[in-house]
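If you want the building blocks of each chain, they are given just below.
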Amino acid sequence: MNSFQTPFNSLLISNLTLTQAKEELSVISDYLHQCDHAYYNQDDPLTDDATYDLLRRRHKEIEVLFPELVKKNSPSQTVGSQANNSALKKSKHKVPMLSLDNVFNAEEFQDFINRIQRYLDLKTEDLEKLSFVAEPKIDGLSINLTYEKGELVKASTRGDGTVGEDVTSNVKTIAALPLQLMGNIPDLMEIRGEVYISKEDFIRLNKEQEQASKRLFANPRNAAAGSLRQLDAEITRSRPLSLFVYSQGYVSSPIADTHDHFLKKLQTWGFQVNPLYKIVKNAAEAEAFQQDLMIKRSGLSYDIDGIVYKVNAIHLQERLGFIGRSPRWATAWKFPAEQAITRLKKIDIQVGRTGALTPVALLEPINVGGVIVTRATLHNEDEIIRKDVRENDRVILQRAGDVIPQIVSVDPSSLEQNRSDPFQFPTHCPVCGANAEKPEGEVVRRCTGGLTCNAQIEERLIHFCSKDAFDIEGMGQKTVTEFFNEDLIHQPADIFHLQNHQEKILHSEGWAALSLKNLLTAIENKKTISLDRFIYALGIRRIGIATAKILAKHYTSYENWTKEMLAARQIGSDERLTLGSIEGIGPAIADELVAFFSEEHNQKALHDLATVLTIQHVETLQEGVLLGKILVFTGTLSTMTRSEAKDIAERLGAKVTSSVSAKTDYVIEGVDGGSKARKAKEIGIKCLDEKEWRELIKYPKNY
Ligand code: IVH
């Protein structure tokens, strides 16, 4: 999760002037739009749910008082965020997917009932007839499933509520989802539900991500969203997704007369409906259910963030209809964020690959919402000052859907006792002792030790071996750290000389002849590398994979690139001007490259690498045998990862897609190729097995 300053204002809303209200609505609205974009499109929330809800509520309250300021694109008039992942097809919902209003206490829930009573003009004695279905609010990702004559024909994400993203092939990989329904089913219907990942599966998935040196997911919801919005359905298949269904969109004929009967019907059709749902008749019963589930919450295998209450009678739902972005007949009674208090034992400073000093709170272990927590991030030194967090304080922790919790504040009881001195953020790197500088206007303090700093060396080595870089199987974080601590590797080129240390490795714990042989083969196989991966692997600050690709494409060869970069050190040189004029390379990136090439130890590290590696030229690859061809990979390949195979194909000029169509030129079939290979054979598309694929691309000779 990102940490941004949230636009909180403590002025009483009733005291706001029109100008202040306008100003605040605009600030909050911008922030909420940013939050929506980050949450829905990037699966990387800017803030926690509780803060988001509070801001949304304040925004709405201001709008109620100043209706003349309500804008068409106000957060109160829209849901979610425009689906922007252009790679996934857009899909329009037949009936918009709306959101729910929130309540936070019994009084507000009673208001919700009162509003319904007034709208329907119910006499007090008729209130008896009103009942609600109370269902856990699953913290996942909503999905719209379209069934035609009982067959699942489309699945799409919510997107902006009107248009979502087509994730049909991905959703079809979810085991719990019926693809063909039996019985008396409307000809056309939209069934809606929540895709989620259980807490246990989430922890397992993150462990796998960590071992493969891939980015960790912040919480189960992000993991579910990231897994579902994959271009390659095979990746989705490998992720442990589950689904609960809970509502309908368009239906060509009515399904049931009450929501309760609707849920029962869904169950008989083979859908998973959350088993904890219950009928309640009034606010007192709702409150009791709230208490009950709040206690059970941490023991549930999936995250819930409240309870949704829906008027049970469908004819009343129809009469009540919608207001703005939410139904009048339903509301979500949110749980408070899961909090706990524990002692902060120590503030530890970690040093990352680019030298950033990040403070981490080491905590006395504590259970927060079912997850044992021992650490919490403190983001940066300003955050420590703002919260005045000190060692030995008791601190309030909050896990708002996130496994890595936030420190909300120091527990007030701590403030009355003798406290340690305010935390002094180090001005020197705790690992190498070099100066740690914080440039004017930046929030991050950085070690200036570069590759003389052990922490940076180790992190860079980890990065060097990671998936998008050299992608060396068996050289995950753990192994790199082990070899680094045993002094076997210090700079990247040492990795390619590990065969000289076999004896020593075999003497360390966990290594046997076979595992070592596999590792050395994996390393040997990576001695030929594309220029973009090579550049990315160096771990230069601000050079991500996309920038590395731009540089590789522009400079085309390692020799040319290094020659140009060395010359670009001269301010005003042609080479420096050329570098600054490449599209996608801003001045900050150019400065980082020049700084990197200005360090002698970096030049030496590059030289040492270049002597053991074959770094491919870009042009030779683009004239490849696959120019203009459309490829589909299916099943598992045994000699290369999917990402490597895709990379090679693209460098040889091919386009890789995820589904087989008449336009496909080749399907490359690994083990368990399944339906795609079958389909290809049916429509006469050439299928290559792994051996034929390797012959076609001349692997490993060229790679
Ligand atoms: S009913 C017309 N029921 O919460 C509204 N939503 O804040 C239909 N959610 O977009 C939604 N569990 O993604 C409903 N049992 C449940 C739910 C649920 C989770 C999500 C859903 C919705 C959001 C609303």
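It should be emphasised that the depicted structure is a prediction, and the values quoted were computed from it without experimental measurement. (Residues numbered from 1 in each chain as written. Predicted model: local features only at pLDDT ≥ 70, side-chain atom pairs only at ≥ 80, totals over all residues. Heavy atoms only, no water.)

(A) Region of the structure containing the site of the ligand. In the vicinity of the ligand, 14 residues are found, and the nearest of them are E135, R158, E194, Y246 and K310. In the environment of the ligand, a nitrogen atom lies 3.3 Å from a nitrogen or oxygen atom belonging to the backbone of P136. When isolated, the ligand has an accessible area of 530 Å², and the protein chains bury 89% of it. Of all the elements, strand β3 (residues 132-138) adds the most residues to the shell around the ligand, at four residues. Residue composition of the shell around the ligand, by class: seven nonpolar, two polar and five charged. (Near = heavy atom within 4 Å. Polar contact = N/O pair within 3.5 Å; in protein donor to acceptor, adjacent residues only side chain to side chain. Areas by Shrake-Rupley, 256 points an atom, 1.4 Å probe, with all protein chains shown as cover. Helix = DSSP H or I, 4+ residues; strand = E, 2+ residues; numbered from the N terminus. Nonpolar A, V, L, I, M, F, W, Y, C, P; charged D, E, K, R; others polar.)

(B) Structural view of the side chain of N380. As for its placement among the helices and strands, N380 is situated in the loop between β16 (371-377) and α11 (381-387). Since its relative accessible area comes to 14%, N380 is described here as buried. For N380, the side chain forms a polar contact with the main-chain nitrogen of D382, separated by 3.1 Å. If we skip the residues at most four places from it in the chain, N380 touches P359 and V443. (Buried < 20%, exposed > 50% of the residue type's maximum accessible area, 1.4 Å probe, protein only. Contact = heavy atoms within 4.5 Å.)

(C) Inspection of the nonpolar core at higher detail. Formed by 57 residues in total, the largest nonpolar core has its most connected members in M475, I495, F534, W561 and L579. When contributions to this core are tallied by element, the ones reaching two or more residues are α13 (454-465), α14 (477-485), α16 (513-525), α17 (531-537), α18 (545-555), α19 (558-567), α21 (587-598) and α22 (600-612). Tallying contributions element by element places α21 first for this core, with six residues. With near-sequence residues (within four places) excluded, W561 lies in contact with F534, I535, L538, L551, Y555, L593 and F597. In this structure, V171, I174, V195 and Y277 belong to the second largest nonpolar core, which totals 37 residues. (Core = buried A, V, L, I, M, F, W, Y, C linked by side-chain atoms within 4.5 Å.)

(D) View of the UniProt feature "binding site: NAD(+)" (unreviewed entry) in the protein chain. The feature "binding site: NAD(+)" (unreviewed entry), as annotated in UniProt, sits at D49, A50, T51, Y52, D53, S99, L100, E135, R158, E194, K310 and K334 in this numbering. With respect to the helices, strands and loops of the structure, Y52 is situated in helix α2 (residues 49-65). Residues in contact with Y52, not counting those within four places in the same chain, are L32, C35, D36 and T47. Position of K334 relative to the elements: it lies in strand β13 (residues 330-334). Since its relative accessible area comes to 8%, K334 is described here as buried. Excluding its chain neighbours within four sequence positions, the residues that come into contact with K334 are D53, N102, V103, F104, K137, Q290, D305 and G306. (UniProt positions renumbered as here; feature names shortened; annotations may be inferred.)

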